[in-house]
Amino acid sequence: MTMTRNETLLASAVDAIGETPLVELSRLTRGLDGRILAKLDYLNPGFSKKDRIARQMIEDAEAEGMLRPGQTVVELTSGNTGTGLAIVCAVKGYPFVAVMSRGNSVERARMMRALGAEVVLVDQLPGSVPGQVSGGDLALVEQAAQRIVIERSAFRADQFRLQGNFRAHFLGTGPEFIRQSGGQIDAFCDFAGTGGTFAGCAAAFKAFNPAIRCYVVEPAGAAILAGEPVSYPNHRIQGGGYALADLPLLNPAHVDGYLQVSDTEAIEIARRLAREEGIFAGFSSGANVAAALRLLQTDCRGGTVAVLMCDSGLKYLSTDLWQAL
Ligand SMILES: Cc1ncc(COP(=O)(O)O)c(C=O)c1O
């Protein structure tokens, strides 16, 4: 008899990462021709998809001899990768330092500290607004992270560069989508931060069926990957859209198109996901579904679009994503 993972006793919370459910959003797509399949990655132990890359980056580094037992791990994070790393490092016995912009929501820092991480908060640029972390703010966080790595002789779990970010989605998320949908996927769209989710899933989809179209989602006014001028770097969609022209993990050959989503659209759809589908997720999940809804009305009419529900709405209780309700 083969047992599914949920019927098995797991050795740690790290073993509970991944294998998240795939759900059809049939209420939000009512009246439209086609389907949206949403992967509930907020059900990971750290309540985001970034648990996957945390585990993969650490386990790859262990396998390659890049990480010594007990060595400090450092990473720059908008909170989700840090939470994943805090979980993986707690279980595996590595001290972890999360370097984060003060512009990210307070829940994230509190959760990482609760999981045993040391959290270093970096001030935003003068004139930046809390809740709106720009590429410039991120550059300051990067400088701080580099300094701490040297000071502590630490291992940098660099999510923008390490292949573990790509591999987590190439080996895990993408194949899970394919298996759970019975291979019935026509398109995938994803709001890019590091681009690791897009890169890994797109590579898995293209390997399975090159006809699956893959779209990068960016904030309206910060769509640098689409080659647009950046007029609105301080958008509200936390976790990505940093207006960084060079994302080392992203393979442009796998990009079939670019979609732009406004703050208002991402927020409206995140609220509708909660109210109509019972899916309590964050801004970027709203952005992904907003883009998928547009695809069903344009390029992918009649098709099936796959998206990730990147993180939990609980991470934004202090923001007006829910406060205004
Ligand atoms: C909430 C959220 N959405 C989207 C992303 C972007 O994912 P990726 O870095 O794989 O492009 C992140 C990354 O941190 C995130 O935390």
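Residues numbered from 1 in each chain as written. Predicted model: local features only at pLDDT ≥ 70, side-chain atom pairs only at ≥ 80, totals over all residues. Heavy atoms only, no water.

Visitor: Summarise the side chain of serine 128; cite the residues concerned and give the values.
Guide: Mapped onto the fold, serine 128 is located in the loop between strand S5 (118-122) and helix H4 (135-152). Of the residues examined, serine 128 reaches a relative accessible area of 18% and is grouped as buried. Engagement of the side chain of serine 128 in a polar contact is seen with the side chain of aspartate 137, the distance being 3.0 Å. Those residues in contact with serine 128 that sit more than four places away from it in its chain are Ser134 and Asp137. (Helix = DSSP H or I, 4+ residues; strand = E, 2+ residues; numbered from the N terminus. Buried < 20%, exposed > 50% of the residue type's maximum accessible area, 1.4 Å probe, protein only. Polar contact = N/O pair within 3.5 Å; in protein donor to acceptor, adjacent residues only side chain to side chain. Contact = heavy atoms within 4.5 Å.)

Visitor: Can you lay out the pattern of salt bridges for me, pointing to particular residues and giving the numbers?
Guide: Side-chain pairs of opposite charge can arise whenever the charged atoms involved come near each other. Considering all chains together, one arrives at 20 salt bridges under this definition. With its nearest N and O atoms 2.8 Å apart, the salt bridge here joins aspartate 60 to arginine 167. Separated by 107 residues along the polypeptide, aspartate 60 in helix H1 (residues 50-63) and arginine 167 in helix H5 (residues 163-180) bring together distant segments of the chain. Under the relative-accessibility criterion, aspartate 60 is labelled buried at 12%. Residue classification places arginine 167 among the partly exposed positions, given a relative accessible area of 30%. Members of the salt-bridge network, linked through shared partners, are Lys39, Asp41, Arg52 and Glu176. (Salt bridge = Lys/Arg side-chain N within 4 Å of Asp/Glu carboxyl O.)

Visitor: Residues and numbers for the site of the ligand, please.
Guide: In the neighbourhood of the ligand, 17 residues make up the surrounding shell, with Lys50, Gly193, Thr194, Thr197 and Ser284 lying closest. One of the side-chain N or O atoms of lysine 49 is found 2.9 Å from an oxygen atom in the ligand. Here an oxygen atom of the ligand and a side-chain polar atom of threonine 197 are 2.5 Å apart. Taken atom by atom, the bulk of the ligand overlaps the largest cavity. In terms of residue class, the shell around the ligand is built from four nonpolar, 10 polar and three charged. (Near = heavy atom within 4 Å. 1 Å grid on protein atoms, 1.4 Å probe; cavity = no way out; pocket = protein on both sides within 12 Å on 5 of 7 lines; lining within 4 Å. Sits in = over half its atoms within 2 Å of the grid points. Nonpolar A, V, L, I, M, F, W, Y, C, P; charged D, E, K, R; others polar.)

Visitor: Describe the packing of helix H2 (residues 80-92) against helix H3 (residues 106-114), listing the residues and the values that go with them.
Guide: At a closest axis distance of 9 Å, the pairing of H2 and H3 adopts a crossing angle of 10°. It follows that H2 is roughly parallel to H3 by the angle criterion. Between H2 and H3, the residues in contact are Asn80, Gly82, Thr83 and Ala86 and Arg108, Met111 and Met112, respectively. Per-class residue counts for the contact of H2 with H3 are three nonpolar, three polar and one charged. (Axes fitted to C-alpha atoms, helices over the stretch in contact; angles between N-to-C directions. Parallel < 35°, antiparallel > 145°, perpendicular 65-115°, else oblique.)

Visitor: Give me the sheet that holds strand S3 (residues 73-76): which residues, what numbers.
Guide: An order of S5-S4-S3-S6 is seen for the four strands of this open sheet, with the pairing classed as parallel. Edge positions in the sheet fall to S5 and strand S6 (155-156), since each of these pairs with one other strand and no more. Across the sheet, H4 lies against S3, strand S4 (96-101), S5 and S6, angled at about 160° from S4, the strand it touches most. (Pairing = 2+ DSSP bridges.)

Visitor: Please provide a residue-by-residue account of the nonpolar core, values included.
Guide: Grouped together as the largest cluster of nonpolar side chains are 37 residues, with contacts concentrated most on Cys189, Val289 and Met309. The biggest single contributor to this core is helix H8 (residues 283-297), with nine residues. Core analysis: the next-biggest nonpolar cluster, separate from the first, contains 33 residues, Val74, Val99, Cys214 and Tyr242 among them. (Core = buried A, V, L, I, M, F, W, Y, C linked by side-chain atoms within 4.5 Å.)

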